[in-house]
Amino acid sequence: MIKILGTGSYVPEKVLTNFDLEKTLDTSNEWIIKRTGIKERRIAAPEESTVSFSVNAAKKALAAAGVSAEDVDLLILTTSTADYQISSSAPIIANELGCRKIPAFDLNAVCAGFVYGFGVATGFLESGMYKNCLLIGADTYSRILNWKNRNSCILFGDGAGAVFMKKEEGASNILSYDYCSDGRGSAHIRIPAGGSKIPYHSSENIAEDDLYFQMDGKKVYEFTIKEIPACVERLLEKANISSADLDAVVFHQANIRIIDTVAKDCEIPIEKFFINIQKYGNTSSASVPLALDEAVREGKIKSGDKILMLGFGGGLSWGGIILEW
Ligand code: UT7
């Protein structure tokens, strides 16, 4: 069985409220709260980045698990805002933490990253390849947002979350998993330029906005409302449990209206959802582990609980896991 022995998280100190955004954008606190549930988000200080967030969150997860960095066998960072295009950030994090020469790599499934990473880590551990894994979800969207584009910049914040997972003796406690993608919706969430298709140096005609994160919010919203309840239903069916059997739901914090819709459609009482979107906005890969860490530290998750974790976003990619804690 896979045990999560410790969780940790980190958010930068700087708070950016909806009222702050009103000063620079044609938006309002009222619109943002009503359409998204977000009141404020955290923004990286100039010297901070995805690596420093990850190191801070990871140290807390290791301390909570009562292990040292030298005990870590495998490190996975899920992010879509690594410190550099090349090389990956996970080895830098492993080095800064003081890990041995362990396997360490980045995984990019955008906002579904942490939940994908959880599945990958589980596979490594269940197969016996490695005994434990430090899994981190971290993102610094403040560095890729176009702060003049009110459609997207009001939604996101920076942060990181981490878990230390270990394989222990006993029957599997992963009750179900369900992963999907649909590349037809790839253009709904992307940074058009800067990759191998349109490199920064390829043309003088790259539109300024194409260097920044772009999202067709309406199309993504329609996709989530259709696909995510169906994903939850499949997870419950595969686990052979009903929604009443779930003790807690740790869901991607993208929009409170999405959470409300899934709760209603899947007949899961809203009280079972851990919600912190009002404080941090959408922190992409950090969203699920940040919520998980807060739920654990607030005593909302206990041994034996059935937990649903679910993420969705760019790709389009989505996925979830039901596990017994
Ligand atoms: O993490 C990855 C997954 N991401 C998501 O799941 C996000 C999914 N999408 C959403 O959450 C929602 O679509 C948004 C929150 C992004 C937008 O909410 P919406 O209810 O779909 O608004 P909309 O895009 O339909 O815009 C409604 C109106 C428009 O004005 P008109 O055309 O009706 O006059 C927008 O121009 O609201 C306007 N608007 C704004 N007004 C004030 C758009 N952004 C803003 C803003 N402030 N920040």
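All figures in this text were calculated on a predicted structure; none of them were measured in a lab.

Definitions and limits used
- Residues numbered from 1 in each chain as written.
- Predicted model: local features only at pLDDT ≥ 70, side-chain atom pairs only at ≥ 80, totals over all residues.
- Heavy atoms only, no water.
- Helix = DSSP H or I, 4+ residues; strand = E, 2+ residues; numbered from the N terminus.
- Rg over C-alpha atoms; globule rule 2.2 N^0.38 Å.
- Buried < 20%, exposed > 50% of the residue type's maximum accessible area, 1.4 Å probe, protein only.
- Contact = heavy atoms within 4.5 Å.
- Areas by Shrake-Rupley, 256 points an atom, 1.4 Å probe, with all protein chains shown as cover.
- Lys, Arg positive; Asp, Glu negative; His and termini not counted.
- Charge placed at Lys NZ, Arg CZ, Asp CG, Glu CD.
- Domains from an automatic or database assignment.
- Buried area = accessible area lost by both parts, 1.4 Å probe.
- Pairing = 2+ DSSP bridges.
- Axes fitted to C-alpha atoms, helices over the stretch in contact; angles between N-to-C directions.
- Polar contact = N/O pair within 3.5 Å; in protein donor to acceptor, adjacent residues only side chain to side chain.

Let's talk about the overall build of the protein
So, point 1. Across its full length, the protein carries ten helices and 13 strands.
So, point 2. Compactness check: the protein gives a C-alpha radius of gyration of 19 Å against a globular reference of 20 Å for 325 residues, within 12% of the reference.
So, point 3. Seen through its principal axes, the protein has C-alpha atoms that stretch 55 × 45 × 35 Å.
So, point 4. Every one of the 325 residues in the protein was classed for burial, and the buried ones make up 55%.
So, point 5. When contacts within the protein are restricted to residue pairs at least 6 apart in sequence, long-range pairs at least 24 apart make up 77% of them.
So, point 6. When the accessible surface of the protein is totalled, it reaches about 14,300 Å², and 50% of it is carbon and sulfur.
So, point 7. With 34 positive and 41 negative side-chain charges, the protein shows a separation of 1 Å between the mean positions of the two kinds.

Quick look at the domain arrangement of the protein
By a widely used convention, the size of an interface equals the accessible area lost when the partners come together.
So, point 1. For the protein, the assigned domains read domain 1 (2–167) and domain 2 (174–324).
So, point 2. For domain 1 versus domain 2, the distance between C-alpha centres works out to 14 Å.
So, point 3. On the domain 2 side, the residues contacting the 53 residues of domain 1 number 46 residues.
So, point 4. Between domain 1 and domain 2, roughly 3,700 Å² of surface is buried when both sides are summed, and carbon and sulfur atoms account for 61% of that area.
So, point 5. Looking at the side of domain 1 facing domain 2, the largest losses of area belong to Cys111, Val115 and Tyr116, adding up to 16% of the total buried there.

Remarks on the sheet that holds strand S7 (residues 159–167)
So, point 1. A sheet is described by the order of its strands in space; here five strands give the open sequence S1-S7-S6-S4-S5, paired in mixed fashion. Bordering the open sheet on either side are strand S1 (2–10) and strand S5 (104–107), each of which pairs with just one other strand. When the angles between neighbouring strand axes are averaged without regard to direction, this sheet yields 20 degrees.
So, point 2. In the sheet, strand S4 (residues 75–78) pairs with S5 via four bridges, with the strands oriented parallel. Pairing of Leu75 across the sheet is with Ala104, part of S5.
So, point 3. Sitting on the sheet, helix H4 (residues 90–97) is in contact with S4, S5 and strand S6 (132–139), with an inclination near 125 degrees to S4.

Description of the side chain of Ser142
So, point 1. Checked against the element boundaries, Ser142 lands in the loop between S6 and helix H6 (150–153).
So, point 2. Residue class for Ser142 comes out buried when judged on its relative accessible area of 13%.
So, point 3. For Ser142, the side chain forms a polar contact with the side chain of Asp158, separated by 2.6 Å.
So, point 4. Setting aside its immediate chain neighbours within four residues, Ser142 contacts Ile43, Ala44, Trp147 and Asp158.

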